[in-house]
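If you want the building blocks of each chain, they are given just below.
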Amino acid sequence: MQAFAAEMADSLDGRWTVESGYHGQRDRYLIGPDGEQVHLCYSDSEKTPRIRLSADLPAALAAVRHLHGNPVPSHDITVSPTKTPETVAAEAARRLLPAYRITLAESRELKQRLDDQAAARDRLARAIADPLGATVQHPRPAATGCDPQDAIVRYAGPLAGTATVPRHGGRVTFAFSVTPDRAAQVAAYLAAFPEADRP
């Protein structure tokens, strides 16, 4: 399988490398120039032995899609082990890689959009916290490396409370409490808040 995968790598466009799989001599990973991952696995458990080629997303991208309701489509084909590595490489380039690369690009765009949203959230949280002398409670990244949570700004003083800054760019929610003698003053301020900024 090592020799077969190496010859396939040489036959594919760009610089592909071969990495070990999880089943000893039965499988290998081909890693493409743009981060493509193609798993080759020899199987003789069926009546006719086959080589299965499965194109997988990197774990972080697969997790992002899963968390945000975008199931990862299946990209796999099977070929006869009697075919030459060059022929299998040509079949992979024709039948497997085009659709897989679309999924890979879409997944990267989704992750980039989420990363941009998280960065904008963090900038706004700091901008709210700085004039208040407040602290920002940054959300802990999920175990998968995703960051789908809101940021919380906690502030003290006459208006003690929190500002919740959503990751997706929605409206910021302020929650605070005041002493009874300040309540009317706060109400007057809110009543005078510019009309254009109201929901």
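**Student:** How do you make sense of the overall build of the chain when you look at a structure like this?
**Tutor:** Within the chain, the regular secondary structure consists of 4 helices and 9 strands. Relative to its length of 199 residues, the chain is extended, with a C-alpha radius of gyration of 26 Å against a globular reference of 16 Å. Principal-axis analysis of the C-alpha atoms places the extent of the chain at approximately 85 × 35 × 30 Å. Split into buried and exposed, the 199 residues of the chain put 32% on the buried side. In the chain, 40% of the contacts between residues at least 6 apart in sequence involve partners at least 24 apart. As presented, the chain carries roughly 12,000 Å² of accessible surface, and 54% of it is formed by carbon and sulfur atoms. Charge centroids of the chain, computed over 23 positive and 24 negative side chains, lie 4 Å from each other.

**Student:** When you look at the packing of helix α1 (residues 2-11) against helix α3 (residues 85-132) in this model, what are you seeing that I'm missing?
**Tutor:** Two packed helices can be described by the angle between their axes and the distance between those axes. It is the contact of α1 with α3, at a shortest axis distance of 8 Å, that shows an interaxial angle of 55°. Classed by the angle they form, the pair α1 and α3 counts as oblique. Crossing hand, α1 versus α3: right-handed. Only P85, E86, V88 and A89 of α3 make contact with α1, whose side of the interface consists of F4, E7, M8 and S11. For the contact of α1 with α3, the per-class residue count stands at 5 nonpolar, 1 polar and 2 charged.

**Student:** What am I meant to see in helix α2 (residues 59-67) here?
**Tutor:** Three or four residues apart is the spacing at which side chains of an α-helix point the same way, because the helix has 3.6 residues per turn. Regarding α2, the residues found buried are L61, A63, V64 and R65. In this structure, the buried residues of α2 make contact with α3. Remark: G69 follows α2 within two positions and exhibits a positive phi of approximately 70°.

**Student:** Can you walk me through the sheet that holds strand β8 (residues 160-165) in this structure?
**Tutor:** Read from one edge of the open sheet, 4 strands run β6-β7-β8-β9, paired in antiparallel fashion. Two strands bound the open sheet, and with one partner strand each, they are β6 (135-137) and β9 (173-177). Ignoring strand direction, the axes of neighbouring strands in this sheet form an average angle of 20°. Here strand β7 (residues 151-155) runs beside β8; their pairing, made up of 5 bridges, is antiparallel. Residue pairing for β8: R154 is matched across the bridge by T162. Sheet contacts for α3: β6, β7, β8 and β9; angle to β7, the most-contacted strand, approximately 0°.

**Student:** What should I look at first to understand the sheet that holds strand β2 (residues 27-31) in this one?
**Tutor:** Pairing between the strands of a sheet comes from backbone hydrogen bonds, and it takes one of two forms, parallel or antiparallel. Read from one edge to the other, the open sheet built from 5 strands follows the order β1-β2-β3-β4-β5, with strand pairing classed as antiparallel. Single-partner strands in this sheet number two, and they are β1 (17-20) and β5 (76-79). Each neighbouring strand pair of the sheet contributes to a mean axis angle of 25°, computed without reference to strand direction. With 4 bridges joining them, strand β4 (residues 50-56) and β5 adopt antiparallel strand pairing. Residue pairing across strands places L53 opposite I77, the latter belonging to β5.

**Student:** Mind showing me how you'd approach the pattern of salt bridges here?
**Tutor:** Evaluated as defined, the whole model comprises 8 salt bridges. Across the pair D44 and R26 runs a salt bridge whose closest N-O atoms are separated by 3.4 Å. Separated by 18 residues along the polypeptide, D44 in the loop between β3 (37-43) and β4 and R26 in the loop between β1 and β2 bring together distant segments of the chain. D44 sits in the partly exposed class, given a relative accessible area of 40%. Here E91 and K83 are joined by a salt bridge, their closest N and O atoms 2.3 Å apart. According to the relative accessible area criterion, E91 is buried, its value standing at 9%.

Rules of the game
Residues numbered from 1 in each chain as written. Predicted model: local features only at pLDDT ≥ 70, side-chain atom pairs only at ≥ 80, totals over all residues. Heavy atoms only, no water. Helix = DSSP H or I, 4+ residues; strand = E, 2+ residues; numbered from the N terminus. Rg over C-alpha atoms; globule rule 2.2 N^0.38 Å. Buried < 20%, exposed > 50% of the residue type's maximum accessible area, 1.4 Å probe, protein only. Contact = heavy atoms within 4.5 Å. Areas by Shrake-Rupley, 256 points an atom, 1.4 Å probe, with all protein chains shown as cover. Lys, Arg positive; Asp, Glu negative; His and termini not counted. Charge placed at Lys NZ, Arg CZ, Asp CG, Glu CD. Axes fitted to C-alpha atoms, helices over the stretch in contact; angles between N-to-C directions. Parallel < 35°, antiparallel > 145°, perpendicular 65-115°, else oblique. Left-handed = near helix turned anticlockwise from the far one by under 90°. Nonpolar A, V, L, I, M, F, W, Y, C, P; charged D, E, K, R; others polar. Pairing = 2+ DSSP bridges. Salt bridge = Lys/Arg side-chain N within 4 Å of Asp/Glu carboxyl O.

It is worth stressing that arrangement in space is one thing and function is another; only the former is reported here.
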